[in-house]
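So you can see what is in the structure, the chains are spelled out below.
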Amino acid sequence: MPTMLVTGGAGFIGANFTHYTVRHHPRWRVVVLDALTYAGDRASLGPVAGDITFVRGDICDADLVDRLTAEADVVVHFAAESHVDNSLHDPEPFLRTNVVGTFRLLEAVRRHGTRLHHVSTDEVFGDLPLDSAQRFTEATAYDPSSPYSATKAASDMLVRAWARSYGIRATLSNCANNYGPYQHVEKFIPRQITNVLRGERPRLYGAGVNVREWTHVDDHNAAVHLILEAGRIGETYLIGSGDERSNREIVELILDTMGRPVDAYDHVPDRPGHDLRYANDTSKIRTELGWRPVYDDIAAGLSATAGWYRANEWWWTAHKERAERRYQELGR
Ligand code: NAD
Ligand code: DAU
């Protein structure tokens, strides 16, 4: 059986990716490497615990990464510090994990000739004006705004340099905002859903006009599998649903689907440097690989996601206490 090493597999997208792989691509033996930071949770892998191997460890640990990479046919690299607000407050862990950690993986795949897929974000491109038809493409120049996106941009650059200079077999993807089950409650959608579930009001940064292209996590992970199967080595693919929504629209949809008045939310101070709008042109992955999003109804997707958080309070209660304590410190 070929072996797939999944870094960050106890986080939101990595855990959903692991579930997806076990369910739809059972030919793979999956090994998850995750440091279980505040954002990682072994319980997210509970449904597939018997089908995978879990290794608790740090992607900055060169010896561990070398050993696991030597035994793998493919590495799918999700592990990262992923939250913009945290990066504004304390950038250093972002430098360490996103830059040094990716460097360690690159050195290991270089030594062992292992195929790598690097998972990245549309935030590396900076932002777009509101109310324009512009979209990011694979050729858009990098212009990151936050310490998070700057370190993800650095990691992408490292992957591209290792591909060109050392000939490593790597692909990259830059996806828009994801939503779905097992997302940490510090993030926008689960924060608002769990606020409502606790009888508290959603909290909108600034006026709530910023726009994101919400993409279901399973659509993202289906795209990653297509890239692994048929993506061209050295290439980058943008991923996104095409469904752009302002934050205010999303909060109103959440309140509506959860049976609350649509204006029952509060405005809180804005995030410094807050990116206005992200939107990806996904022609390349659609044309070359035939990828299409399956989740094309955001109201239905939010309703299902709210249902998941309602049914799995045990999974998020402890995370919620910690996340809200941090938000209190940040005044948001
Ligand atoms: P997450 O924060 O939910 O999960 C990150 C995981 O990485 C956690 O399990 C954590 O324990 C692990 N991790 C952190 N530092 C580590 C280290 N040093 N060694 C080993 N493991 C470590 O993040 P996510 O939202 O699932 O994002 C996963 C990837 O997808 C990231 O690379 C992110 O940049 C990218 N991405 C996220 C989105 C989104 O909307 N969430 C969109 C596009 C791309
Ligand atoms: O675009 C992909 C990126 O999407 C990923 O690379 C990041 O890892 C992921 O965290 C996400 O970044 P954002 O900053 O867009 O996501 P976040 O969930 O933090 O916020 C989404 C929007 O909602 C953003 O405009 C800020 C706003 N927001 C967020 C929170 C937590 C609020 O209005 N209120 C909130 O309480």
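No experiment lies behind these values; they were computed from the predicted model shown.

1. Observations regarding helix α4 (residues 92-112)
The end-to-end C-alpha distance of α4 is 29 Å, a good match for the 30 Å that 21 residues give at a rise of 1.5 Å each. Those residues of α4 that sit buried are F94, T97, N98, G101, T102, L105, L106, A108 and V109. Residues of α4 that are buried in the fold lie against β1 (3-7), α2 (62-70), β4 (74-77), α3 (84-89), β5 (115-121) and α5 (147-166). Residue G113 follows α4 closely and has a positive phi angle near 70°.

2. Overview of the UniProt feature "domain: NAD(P)-binding" (unreviewed entry) in the protein chain
The UniProt record annotates "domain: NAD(P)-binding" (unreviewed entry) at residues 5-295. With 38% helix and 18% strand, the stretch residues 5-295 has end C-alpha atoms that lie 27 Å from each other.

3. Overview of the site of ligand 1
Taken together, 30 residues form the shell around ligand 1, and within it G8, G11, A39, G40 and A80 come nearest. Going through the elements one at a time, α1 (12-24), α4 and β5 are the ones with two or more residues in the shell around ligand 1. If one sorts the elements of the shell around ligand 1 by residue count, α1 sits on top with 3 residues.

4. Side note on the site of ligand 2
The full set close to ligand 2 counts 19 residues, and S82, T121, K187, F188 and Y205 are the nearest of them. Residues that form the shell around ligand 2 fall into these classes: 6 nonpolar, 6 polar and 7 charged.

5. Overview of the nonpolar core
Formed by 74 residues in total, the largest nonpolar core has its most connected members in L5, V6, V76, F78, L105 and I254. Leave out the neighbours within four places in its chain, and L105 touches T7, I59, V65, V75, H77 and L116.

6. Some words on the sheet that holds strand β2 (residues 29-34)
One open sheet accounts for 7 strands, arranged β3-β2-β1-β4-β5-β6-β11; its pairing is parallel. Edge positions in the open sheet fall to β3 (52-56) and β11 (236-239), since each of these has one partner strand only. Going from strand to strand, the sheet's axes swing by 20° on average, the running direction of each strand aside. Sheet topology places β4 next to β5; 4 bridges connect them, and they run parallel.

7. Thoughts on the pairing of β4
With 4 bridges connecting them, β1 and β4 associate as parallel partners. Looking across to β4, one finds that T7 is bridged to H77.

8. Observations concerning the confidence of the model for the protein chain
Looking at the protein chain, the pLDDT average stands at 98 and 100% of residues meet or exceed 70. Predicted complex, confidence summary: ipTM 0.99, pTM 0.99.

9. With respect to the environment of Y38
Mapped onto the fold, Y38 is located in the loop between β2 and β3. Overall, Y38 belongs to the partly exposed group, with 14 C-beta atoms counted inside 10 Å.

10. Quick word on α1
Compared with the 18 Å implied by 1.5 Å per residue over 13 residues, the 18 Å span of α1 between its first and last C-alpha is a close match. Among the residues of α1, those classed as buried are F12, I13, G14, A15, N16, F17, T18, H19 and T21. Contacts from the buried residues of α1 go to β1, β2, β3, β4, β7 (178-179) and α7 (217-230).

11. Side note on unusual backbone geometry
Phi angles above zero are rare outside glycine, and L36 is one such case at about 50°. Inspection of the secondary structure assignment puts L36 in the loop between β2 and β3. Located in the positive-phi region is Y182, a residue other than glycine, with phi close to 70°. If you trace the backbone, Y182 turns up in the loop between β7 and α6 (188-197). Classification of Y182 by C-beta neighbours within 10 Å gives buried; the count is 23.

12. Re the environment of A133
Structurally, A133 is set in the loop between β5 and α5. Along the primary structure A133 and R23 are separated by 110 residues, whereas in three dimensions their C-alpha atoms are 38 Å apart.

13. Overview of the pairing of β5
Among the 7 residues that make up β5, 6 are buried, leaving the element largely enclosed by the rest of the structure. Pairing of β5 with strand β6 (residues 170-175), which is carried by 6 bridges, proceeds in the parallel orientation. By the bridge assignment for β6, V119 is matched with S173. What joins β5 to β6 is α5, and the crossover it makes is right-handed.

Rules behind the numbers
Residues numbered from 1 in each chain as written. Chains lettered and ligands numbered in written order. Predicted model: local features only at pLDDT ≥ 70, side-chain atom pairs only at ≥ 80, totals over all residues. Helix = DSSP H or I, 4+ residues; strand = E, 2+ residues; numbered from the N terminus. Expected span 1.5 Å × (residues − 1). Buried ≥ 20, exposed ≤ 12 C-beta atoms within 10 Å, placed from the backbone. Contact = placed C-beta atoms within 7 Å. UniProt positions renumbered as here; feature names shortened; annotations may be inferred. Near = placed C-beta within 6 Å. Nonpolar A, V, L, I, M, F, W, Y, C, P; charged D, E, K, R; others polar. Core = buried A, V, L, I, M, F, W, Y, C linked by C-beta atoms within 7 Å. Pairing = 2+ DSSP bridges. Axes fitted to C-alpha atoms, helices over the stretch in contact; angles between N-to-C directions. pLDDT = per-residue confidence, 0-100. Right-handed = clockwise from strand over helix to strand, strands pointing away.

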